[in-house]
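Observations on the three-dimensional arrangement
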Amino acid sequence: MNWDDTTDTPAAERLVDSVADREDQAVEAALRPKDLGEFIGQEKVREQLDLVLRAARARGATADHVLLSGAPGLGKTTLSMIIAAEMNAPIRITSGPAIQHAGDLAAILSSLQEGEVLFLDEIHRMSRPAEEMLYMAMEDYRVDVIVGKGPGATAIPLELPPFTLVGATTRAGLLPPPLRDRFGFTAHMEFYEPVELERVIHRSANLLDVEIEADGAAEIAGRSRGTPRIANRLLRRVRDYAQVKADGLITREIAQAALAVYEVDDRGLDRLDRAVLEALLKLFGGGPVGLSTLAVAVGEERETVEEVAEPFLVREGLLARTPRGRVGTPAAWAHLGLTPPRSTATGNGQGDLFGA
């Protein structure tokens, strides 16, 4: 129920991809919570943000600029819309890649209304000239518009009405310190616990008029990679299966059968994830193996393996990146039901990487 980020990736069609596709965008508009009271999860962020917004309303002032960081699908766009709703202000939505020139940003800023919320997604991908213009806009509510070229160029100061910038990023480390320091409130959004995702699923099922039992919601939540967007996508696919193969009621058994059809296992791994692990363990004895070699073995591009499959496998403790290459962990052998080589089991070779 909390979503954001719409970027094209090599894995845009994966059921467990955290980036929104066109279907997600169409459904999410109806499922998004409208205020902080409806927003599920991110308890600390919600509590802190509520204080920031209440204080701003009490002062009759514009809310401080807000920076939200975290993986795709955790609710950054949703929170930006809630901020606008809580402040009873309009919202303007754009993204860093769309702002390639300082003039692009100046055109947006000069058309803002007083108190308006400007949501800038993937703010770390904005061009440097625009980024430098944003410094002054955030701090002094002013931009200098350059008219002309060369020695005859003239800077015309343009006053801006007070506004709230909500920046969202999946890679906070790429933001330069001068930009980060200008945000009055910064929050990092964490992955969701299964119990939180169960609440997300129950709420979405109610809005989509889907019947679901508690154990069915728990089964979907456990395979959703800690991400509400994925939970909602899996819910819709399980709903389709239940309507066609059963009586429409989602039980644990129905959820298991449906997700088996879509090749999402009990830990949320899909075909690509398992292919990477199987190649690493079966073909290379658990590694270490170079990324390019692993990608060739899987039949995927190097970037796809590194940027799409590996982050979740590393987070789940199934794969490790080492100076010598990629290595399968003991948890990976156990998950695939395979027996590790003797050298791994006895602590020689690869096993030494894990202190065995």
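The coordinates are above.
Here's what I pulled together on the structure shown here. Remember, it's a predicted structure, so these values are computed and weren't measured experimentally. (Residues numbered from 1 in each chain as written. Predicted model: local features only at pLDDT ≥ 70, side-chain atom pairs only at ≥ 80, totals over all residues. Heavy atoms only, no water.)

**Things to note about the packing of helix H4 (residues 102-110) against helix H5 (residues 128-140)**
If you want to describe how two helices pack, look at the angle between their axes and the distance between the axes. Put simply, the rule reads: Simply put, an axis is a line fit to the C-alpha atoms, just over the touching stretch for a helix, and the angle between two N-to-C directions goes from 0 to 180 degrees. Numbering goes from the N terminus for both helices and strands, where a helix is a DSSP run of H or I of at least four residues and a strand is a run of E of at least two. Between two residues, a contact is recorded if the distance between any of their heavy atoms is within 4.5 Å. Each residue is assigned to one class: nonpolar for Ala, Val, Leu, Ile, Met, Phe, Trp, Tyr, Cys and Pro, charged for Asp, Glu, Lys and Arg, and polar for all the others, Gly among them.
Where H4 contacts H5, the two axes come as close as 7 Å, and the packing angle between them is 35°. For the pair H4 and H5, the contacting residues are Ala102, Leu105, Ala106 and Leu109 in the first and Pro129, Ala130, Met133, Leu134 and Ala137 in the second. In the contact of H4 with H5, the residues fall into 9 nonpolar, no polar and no charged.

**So, unusual backbone geometry**
We apply this condition: We call a residue buried when its accessible area falls under 20% of the maximum for its residue type, exposed when it is over 50%, and partly exposed in between, using a 1.4 Å probe and counting protein chains only.
Despite not being glycine, Arg225 has its phi angle at roughly 60°, a positive value. Along the chain, Arg225 turns up in the loop between helix H8 (214-221) and helix H9 (228-245). Residue classification places Arg225 among the buried residues on the basis of a relative accessible area of 9%.

**With respect to the sheet that holds strand S2 (residues 91-95)**
Stated precisely, the cut-off is as follows: For two strands to be treated as a pair, DSSP must find no fewer than two bridges joining them.
Read across the open sheet, the 5 strands follow the order S2-S3-S6-S1-S7; overall the sheet is parallel. In the strand order of this sheet, the two ends are held by S2 and strand S7 (185-188), each with one partner. Neighbouring strand axes in the sheet, compared pairwise and without regard to direction, differ in orientation by 15° on average. In this structure, S2 lies alongside strand S3 (residues 117-121), joined through 5 bridges in parallel fashion. Looking across to S3, one finds that Ile93 is bridged to Phe119. Along the sheet face, helix H2 (residues 43-59) touches strand S1 (66-69) and S7 and points at about 165° away from the line of S7.

**Section: the pairing of S1**
Neither face of S1 is left uncovered, since the one carrying Val66 and Leu68 and the one carrying Leu67 and Ser69 both have all their residues buried. Relative to strand S6 (residues 164-169), S1 is paired through 4 bridges, and the arrangement is parallel. Among the inter-strand pairings, Val66 is bridged to a residue of S6, identified as Val166. Note that S1 and S7 share 4 bridges and pair parallel. Residue pairing for S7: Val66 is matched across the bridge by Phe185.

**Some words on the pairing of S3**
In plain terms, the rule: Handedness of a crossover is defined as follows: orient the strands so they point away from the viewer, and if the path from the first strand over the helix to the second runs clockwise, the crossover is right-handed.
Counting buried positions along S3 gives 5 out of 5 residues, so the element sits mostly inside the fold. Residues Val117, Phe119 and Asp121 point to one face of S3 and Leu118 and Leu120 to the other, with burial holding for every one of them. With H4 bridging S2 and the parallel S3, this β-α-β connection has right-handed handedness. Bridge analysis of S3 against S6 gives 4 bridges, and the strand direction is parallel. Its bridge partner being in S6, Phe119 is matched across the sheet by Val166.

**Some points on the packing of aromatic side chains**
Centre-to-centre distance and the angle between the planes together describe a pair of aromatic rings. Put simply, the rule is: Put simply, two rings from Phe, Tyr or Trp (the six-membered ring, in Trp's case) pair if the centres are within 6.5 Å, and we call them stacked under 30 degrees between planes, edge-to-face over 60, tilted for the rest. Only when the NZ atom of a Lys or the CZ atom of an Arg is both within 6 Å of the ring centre and within 35 degrees of the ring normal do we say a charge sits over the ring.
What the rule picks out here adds up to 1 aromatic pair. Considering the side-chain rings of Tyr141 and Phe163, the 5.6 Å spacing of their centres and the 80° angle between planes classify their relative orientation as edge-to-face. With Tyr141 in the loop between H5 and strand S4 (142-147) and Phe163 in the loop between strand S5 (154-159) and S6, this residue pair connects regions lying 22 residues apart in the sequence. The ring of Phe312 has Arg225 sitting right over it, with the charged end atom 3.9 Å from the ring centre. Its guanidinium or amino end placed over the ring of Phe191, Arg315 lies 3.5 Å from that ring's centre, counting from NZ or CZ.

**Considering a nonpolar patch on the surface**
Inclusion rule: Each patch is built from residues that are more than 30% exposed by relative accessible area and take part in no salt bridge. Like charges join if they lie within 9 Å; nonpolar side chains (Val, Leu, Ile, Met, Phe, Trp, Tyr) join within 5 Å. Per-residue and other accessible areas were derived by the Shrake-Rupley procedure at a 1.4 Å probe size, with only the shown protein chains allowed to occlude residues. For this document, the term salt bridge refers to a Lys or Arg side-chain nitrogen within 4 Å of an Asp or Glu carboxyl oxygen.
Judged by side-chain polarity, Val145, Ile156 and Leu158 come together as a nonpolar surface patch covering roughly 210 Å² of accessible area. Inspection of the secondary structure puts Leu158 in strand S5. Of the residues examined, Leu158 reaches a relative accessible area of 31% and is grouped as partly exposed.

**Side note on the packing of helix H11 (residues 271-283) against helix H13 (residues 302-315)**
The condition is simple: Any angle from 65 to 115 degrees is called roughly perpendicular, while one under 35 is roughly parallel, one over 145 is roughly antiparallel, and all others are oblique.
Where H11 meets H13, the closest approach of the two axes is 10 Å, and the angle between their N-to-C directions is 90°. Considering their axes alone, H11 and H13 lie roughly perpendicular with respect to each other. On H13, the residues touching Leu272, Asp273, Val276 and Leu277 of H11 are Thr304, Val305, Val308, Ala309, Phe312 and Leu313. Residue classes in the contact of H11 with H13 are distributed as 8 nonpolar, 1 polar and 1 charged.

Function cannot be inferred from these measures alone, as they are strictly geometric.
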